[in-house]
Amino acid sequence: MTIGILEVSFFIPDSSSLKDKRMVLSSLKDKLRSHFNISVIEMSAQDKWQRSTLGVANIGLNKSAVNSTLSKVINFLERNPRIQILDHQIQIL
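Quick summary incoming for the structure in this document. Given the structure is predicted, the values throughout are model-derived calculations rather than measurements. One numbering rule holds for all chains: residues counted from 1, following each sequence as written. Only residues with pLDDT of at least 70 get local features here, since the model is predicted, and only at 80 or more are side-chain atom pairs given and counted; chain-wide, interface and lining totals rely on the full set of residues. As a convention, hydrogens and water are excluded, and side-chain values are obtained from all of the structure's heavy atoms.

Looking at helix H1 (residues 18-36)
Residues spaced three or four apart along an α-helix face the same direction, because each turn holds 3.6 residues. With 19 residues, H1 ought to run about 27 Å at 1.5 Å a step, and its terminal C-alpha atoms sit 26 Å apart, in line with that. Summary of the burial criterion: residues with accessible area below 20% of their type's maximum are buried, those above 50% are exposed, and those between are partly exposed, where the area comes from a 1.4 Å probe applied to protein chains only. Helix numbering and strand numbering both begin at the N terminus, where a helix is a DSSP run of H or I of at least 4 residues and a strand a DSSP run of E of at least 2. Burial in H1 covers these residues: Lys21, Val24, Leu25, Leu28, Lys29, Leu32 and Phe36. Looking straight down H1, one finds its buried side chains confined to an arc of 125 degrees; they lie on one side. The exposed residues of H1 that point more than 90 degrees off its buried face are Lys19, Arg22 and Ser34. Residues of H1 that are buried in the fold lie against strand S1 (2-11), strand S2 (39-44), strand S3 (51-60) and helix H2 (63-78). Two residues or fewer past H1, asparagine 37 is found with a positive phi of approximately 55 degrees. Here the expected span of a helix is defined as 1.5 Å times the quantity of residues minus one. Arc definition: directions from the helix axis to the C-beta atoms. Residue contacts are counted whenever heavy atoms from the two residues lie within 4.5 Å of one another.

Encoded structure:
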């Protein structure tokens, strides 16, 4: 069994309040969970209305499958016009 962790920091340019941020994040987390069958949590910058860091966890049978899924998550996020990715890190355990 292999565990993969992805940490993604991003900017939400159209957010003007925490309510706007929560709407974007809620939609984004729901789409990620349903599309990729992964666990997602907001990790930091919870009081900042234009920044966020999401943590994504994936468990699979082998390293390549887990890495592939997390790479697809990054590609999915990069195509989302509501956010701009600032940084990301993948860790495979």
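Still more ground to cover, so stick around.
Examining the sheet that holds S3
Within a sheet, each strand pairs with its neighbour through backbone hydrogen bonds, oriented either parallel or antiparallel. Across the sheet, which stays open at both edges, the four strands sit in the order S2-S3-S1-S4 with antiparallel pairing between neighbours. The strands lining the two open edges of the sheet, one partner per strand, are S2 and strand S4 (84-92). On average, each strand axis in the sheet is inclined to that of its neighbour by 20 degrees, with strand direction left out of account. Bridging between S1 and S3 involves ten bridges; their strand directions are antiparallel. Looking across to S3, one finds that isoleucine 3 is bridged to isoleucine 59. Most of the contacts of H1 go to S3, to which it runs at about 15 degrees, and overall it touches S1, S2 and S3. For two strands to count as paired, DSSP must find a minimum of two bridges between them. Interaxial angles span 0 to 180 degrees and are taken between N-to-C directions of axes, which are lines fitted to C-alpha atoms, for helices over the stretch in contact.

What to know about H2
Here H2 spans 23 Å end to end across 16 residues, near enough to the 22 Å set by a 1.5 Å rise per residue. Buried residues along H2 sit against S1, H1, S3 and S4.

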